[in-house]
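Take a look at the letters that make up each chain.
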Amino acid sequence: MLQTTANRQLDILQRLDNLVQRYGKHSSTLIPMLQEIQNAYRYLPEDLLTHVATALDLSPATVYGVATFYAQFSLEPKGKYVIQVCDGTACHVRGSMPVYEAICKKVRLVDGKATTEDGMFTVETVSCVGACAAAPVVTINGEVYGKVTPDAIHVILDTLESRGDTADA
Amino acid sequence: MLNTLEDLQQLSKRCELHRNRHQSRIAVCAGGGCSASGAQQVYESIRAELERRDLLNTVDQTFSEDACSGITPLGTGCQGFCEKGPLVRLEPSGTLYTEVSTDDAEAIVDSLLSGTPVSRLLYLDPTEKRSYEKEASIPFYKLQSRITLRNCGSIAPDDIREYLAKGGYQGWANALERTPDRVVQEVLDSNLRGRGGGGFPAGKKWSIAAGTDAEQKYLICNADEGDPGAFMDRSLMEGDPHRLLEGMLIAGYGIGATVGYIYVRAEYPLAVDRLRHAIEEAESLGLLGTDILGSGFSFSLRIKEGAGAFVCGEESALIASIEGRRGMPKPKPPFPAVSGLFNMPTVINNVETLANIPDILQHGSAWFRSLGSSASPGTKTFALSGDVENTGLVEIPMGTTLRELVYAIGGGVRSNADFKAVQIGGPSGGCLTAEHLDLPLDFDSLQSAGAMIGSGGLVVMDEATCIVEVARFFMNFTQLESCGKCVPCREGTRRMLEILQKIVEGRGTTEDLDHLEEIGSAVRIGSLCGLGKTAPNPVLSTLQYFRDEYLSHVVDRRCPSGVCKGLRRFVINEPLCKGCSRCAKACPVDAISGTIREPYLIDQDKCIKCGACKDVCNFDAVEEVA
Ligand SMILES: Cc1cc2nc3c(=O)[nH]c(=O)nc-3n(C[C@H](O)[C@H](O)[C@H](O)COP(=O)(O)O)c2cc1C
Ligand code: SF4
Ligand code: FES
């Protein structure tokens, strides 16, 4: 379904209000609110951070401090496809790095950047998604792929590119 | 709605009866490993096959009053033998099929009807060259004793009636017949030690909180499972969520907490869904809420999703995170059991610790103490991974030796390679080598070997693993995860990482090894929380057991396992070289020279070890040597 930016903004403000109503105007509501925004936008837009600070009576610095502490939150927009290469211990010893390098090469990511110029792909490493027995593991927008090889990744990414717009759902 | 204990018992009886009437089941493992190799599709195909043949029975029908026949397909939590997934188990026969694909649905249903197994899907033991039909007879399962994982992989995790049919909530029923004090005493007597890594007796923690007066007390389940290479808690929550709820209910009753939190890692969305659903089920039956079963005791549960910070597994950081702050540890005392969440007495226990509670209350502390070893009673779950033949989820009595775990259960090192080490306890733990294979796995023995049982992640490494690189890998992890509050941890881990980086890049010196030890001991002593205190463990333990390998890196400039890119050398195998000059053109730093149609030469001083020459050579004439 196509949603206009304004609608989306209204929608998220509504959901944030609901959270405050449900859990109270208390700092312990902060992280759930940030998670709601991160899930909706795949990053934390600055204006919404200010909104959260006002809604909870917290200083913007406090909100910013929490937002930067946790790895789940990102202040930069992420790509349409977020590819997470597990580099937990089990995946590391079974060759996660060659897979990571193959992905970066395939989507043409250079100079340690995480998101491609066209905003299609974000490639990052995570520590263990809890599927260690299927190492090395890669997740793409939450979908888990096990026993991935540098060759298999080409097939997976080609399928994604041909599949189109599922990531906006 | 259940209003009395009597109601609970009646419902349990009914569930058990119904379940016994419908024993024909096909259990498809939908745990993390199997799902990543296509278990969902396998489940769909089996379900479709049953439907096609008009044999489909659903879990829901199992518990209805109407008589029905047929076969029930179900998606279960982790069945454990992840290496051979997707797994499918037939019930009641207990036949286990491994590496199942969607094409096998018809044969599987046929075999359940005829009683003759599909031999090509049975597990074949590679060393003994024989196949096993029953799950229970496969060595991987035979040597385990499953307590907390008992239901995981055999019940449908999203239906409370399945848990009730298996004796679920009976521990809670027993608890309700005693005073809270007696419940705490039972746990004290069991000598159950915390499974989150520290091994602190759960009963002691409970009695401190129980004995502290306060208007509100809290119970927190630590489901942060941050150790990269561990998935026990995840499997437990996904496969048998009500066991955790029951454990928390009993704990809450014992210590007098009316609110419980489950702090789950952000990376475990399925576990969060399952727990949410289980909480709703328990609430609608009246097993959570006010005046539970007419006892006067009220208890509610909330889920808090973590936001991705390893340090939040530490108790005081976890509390800060629930309170909505940066997850930074605080000095102790005060201990959380005295002043924790919102400054109220708070007991924090690990998932597996709490999952042991229902059985302790149901079967008694004496039964529990008869399992495992005397100072560490009970069982421990491990996530076996890395270069081991049978990766998977196991539960063994405490005191089982490392050899039994890696060889008898794990099937030994993958592809018959040589065993090098295991990393146990994740980034806080240490390396154990071949000389430790006969060490019993329990809290105290491992401590004395400079490692720790940790949460139960166990990664096996073979000869091809570079131990220095592994140490660098762990240091990179802890350095990134250090919260930055104290200098020794924040700066020390960074300096240690820089040194290790230097060594794997081939620029290390022998003094660097001394520096690592020196800084390591300072970080260990000077850090506030467990993260910093244990961060040097992987480095210090590998320096102790694999010093030669460090020396090869810094003195001989060699990486014996050929892993460290900075130490590899590219040479041209002259007889194979056709002198085509492709490599010389590809080299970004002009390190290759020669005359056309004669063997070329790589100048080792100029070479930056990028491997471009090897990639372009059409004659495999460029060789990489360690
Ligand atoms: C850096 C750090 C990370 C930790 N991570 C976890 C974790 O992921 N899960 C866990 O149960 N305990 C973890 N712990 C241990 C907890 O602080 C605490 O000891 C434990 O949850 C207590 O429960 P238990 O007594 O039932 O083991 C961690 C400790 C530290 C210092
Ligand atoms: S030891 Fe490290 S992680 Fe722990 S409080 Fe200090 S800086 Fe933070
Ligand atoms: S280490 Fe990769 S999934 Fe656990």
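Predicted model only: the values in this text are computed from it and were never measured. (Residues numbered from 1 in each chain as written. Chains lettered and ligands numbered in written order. Predicted model: local features only at pLDDT ≥ 70, side-chain atom pairs only at ≥ 80, totals over all residues. Heavy atoms only, no water.)

Trainee: For the domain arrangement of chain B, give the residues involved together with the corresponding values.
Mentor: Often, the extent of an interface is quoted as the loss of accessible area upon association of its parts. Residue and element names in this part refer to chain B. Examined at the domain level, chain B breaks down into domain 1 (5-142), domain 2 (179-369), domain 3 (379-462), domain 4 (467-554) and domain 5 (568-625). When each unit is reduced to the centre of its C-alpha atoms, the spacing between domain 2 and domain 4 is 33 Å. With 11 residues of domain 2 at the interface, the matching set in domain 4 holds seven residues. Between domain 2 and domain 4, a total of about 830 Å² is buried, with carbon and sulfur atoms accounting for 81% of that surface. Linking domain 2 with domain 4 are zero salt bridges, by the criterion used here. (Domains from an automatic or database assignment. Contact = heavy atoms within 4.5 Å. Buried area = accessible area lost by both parts, 1.4 Å probe. Salt bridge = Lys/Arg side-chain N within 4 Å of Asp/Glu carboxyl O.)

Trainee: Explain the site of ligand 2 to me, and be specific about the residues and the numbers.
Mentor: Near ligand 2, the surroundings consist of 13 residues, among which Cys483(B), Lys485(B), Cys486(B), Cys489(B) and Cys529(B) are the closest. Looking at the shell around ligand 2 residue by residue, the class counts come to eight nonpolar, four polar and one charged. (Near = heavy atom within 4 Å. Nonpolar A, V, L, I, M, F, W, Y, C, P; charged D, E, K, R; others polar.)

Trainee: Summarise unusual backbone geometry; cite the residues concerned and give the values.
Mentor: Residue Pro136(A) follows Ala135(A) across a cis peptide bond; omega there is -10°. Here Pro136(A) shows up in the loop between strand 2 (121-126) and strand 3 (138-140). With an omega of 10°, the peptide bond running from Glu91(B) to Pro92(B) counts as cis. Mapped onto the elements, Pro92(B) comes out in the loop between strand 3 (88-91) and strand 4 (96-97). Positive phi is not limited to glycine here, since Arg557(B) has a value of about 55°. Mapped onto the elements of the fold, Arg557(B) is located in the loop between helix 24 (547-556) and strand 16 (569-572). (Helix = DSSP H or I, 4+ residues; strand = E, 2+ residues; numbered from the N terminus.)

Trainee: Give a description of the site of ligand 1 that names residues and reports values.
Mentor: All names here are of chain B. Taken together, 18 residues form the shell around ligand 1, and within it Gly196, Asn222, Asn349, Asn350 and Thr353 come nearest. Interatomic distance of 3.3 Å between a backbone N/O atom of Arg195 and an oxygen atom of ligand 1. Taking 610 Å² as the accessible area of ligand 1 by itself, protein coverage stands at 87%. Of all elements in the fold, only strand 10 (346-350) and helix 22 (530-534) reach the threshold of two or more residues within the shell around ligand 1. Per-element accounting of the shell around ligand 1 gives the leading share, three residues, to strand 10. (Polar contact = N/O pair within 3.5 Å; in protein donor to acceptor, adjacent residues only side chain to side chain. Areas by Shrake-Rupley, 256 points an atom, 1.4 Å probe, with all protein chains shown as cover.)

Trainee: I'd love a proper account of the pairing of strand 2 (residues 72-76) of chain B, names of residues and values included.
Mentor: Residues and elements named next belong to chain B. Most of strand 2 is tucked away: four of the five residues are buried. As judged from the five bridges shared by strand 1 (residues 25-29) and strand 2, these two strands associate in the parallel manner. What sits directly across from Val28, in strand 2, is Gly75. (Buried < 20%, exposed > 50% of the residue type's maximum accessible area, 1.4 Å probe, protein only. Pairing = 2+ DSSP bridges.)

Trainee: Account for the packing of aromatic side chains, with residues named and values stated.
Mentor: Residue and element names in this part refer to chain B. Taken as a whole and assessed by the stated rule, the structure comprises 19 aromatic pairs over all chains. Ring centres of Phe140 and Tyr141 lie 5.2 Å apart, and the angle between their planes is 90°; this geometry places the pair in the edge-to-face category. Phe140 gets classed as buried once you look at its relative accessible area, which sits at 1%. The class of Tyr141 is buried, set by a relative accessible area of 9%. (Phe/Tyr/Trp six-rings, centres within 6.5 Å; stacked < 30°, edge-to-face > 60°.)

Trainee: Go over the packing of helix 1 (residues 5-23) of chain A against helix 3 (residues 46-56) of chain A with me, naming the residues and quoting the values.
Mentor: Residue and element names in this part refer to chain A. In contact at an axis separation of 11 Å, helix 1 and helix 3 are set at 30° when each is read in the N-to-C sense. In terms of orientation, helix 1 and helix 3 fall into the roughly parallel class. At the point where helix 1 passes helix 3, the crossing takes the right-handed sense. Packed against helix 1, whose contacting residues are Gln9, Ile12, Leu13, Leu16 and Val20, the element helix 3 presents Asp47, Leu48, His51, Val52 and Leu56 at the interface. In terms of residue class, the contact of helix 1 with helix 3 is made up of seven nonpolar, two polar and one charged. (Axes fitted to C-alpha atoms, helices over the stretch in contact; angles between N-to-C directions. Parallel < 35°, antiparallel > 145°, perpendicular 65-115°, else oblique. Left-handed = near helix turned anticlockwise from the far one by under 90°.)

Trainee: Please provide a residue-by-residue account of the nonpolar core, values included.
Mentor: Counting 80 residues, the largest nonpolar core has Tyr169(B), Trp172(B), Trp206(B), Ile262(B), Val264(B) and Leu287(B) as the members making the most contacts within it. Examining the composition of this core, we find that eight residues originate from one element, helix 12 (residues 241-255) of chain B, more than from any other. Leaving out residues up to four positions away in the same chain, Tyr169(B) has contacts with Leu8(B), Ile160(B), Tyr163(B), Leu164(B), His242(B), Leu245(B), Glu246(B), Leu249(B), Ala282(B) and Leu287(B). The next biggest cluster of nonpolar side chains, apart from the first, holds 45 residues, and it includes Met33(A), Tyr41(A), Leu49(A) and Phe310(B). (Core = buried A, V, L, I, M, F, W, Y, C linked by side-chain atoms within 4.5 Å.)

Trainee: Mind laying out the pairing of strand 13 (residues 419-424) of chain B, listing which residues take part and the relevant values?
Mentor: All names here are of chain B. Where burial is concerned, most of strand 13 is hidden: six out of the six residues are buried. In the sheet, strand 13 pairs with strand 15 (residues 457-462) via five bridges, with the strands oriented antiparallel. Bridging from a neighbouring strand, Phe419 pairs with Asp462 of strand 15. Hairpin remark: strand 13 followed by strand 14 (residues 430-433), antiparallel, with five residues in the connecting loop; positive phi at Gly425, about 85°.

Trainee: Tell me what's going on with the interface of chain A and chain B, and back it up with residues and numbers.
Mentor: Counting residues at the interface gives 35 residues for chain A and 49 residues for chain B. When chain A packs against chain B, close to 3000 Å² is buried across both sides, 56% of that on carbon and sulfur atoms. Between the two partners, chain A and chain B, sit two salt bridges. In this structure, Lys565(B) engages Glu101(A) in a salt bridge whose closest nitrogen and oxygen atoms are separated by 3.4 Å. Here chain A and chain B share 23 residue pairs in polar contact (both at pLDDT 80 or more) between them.

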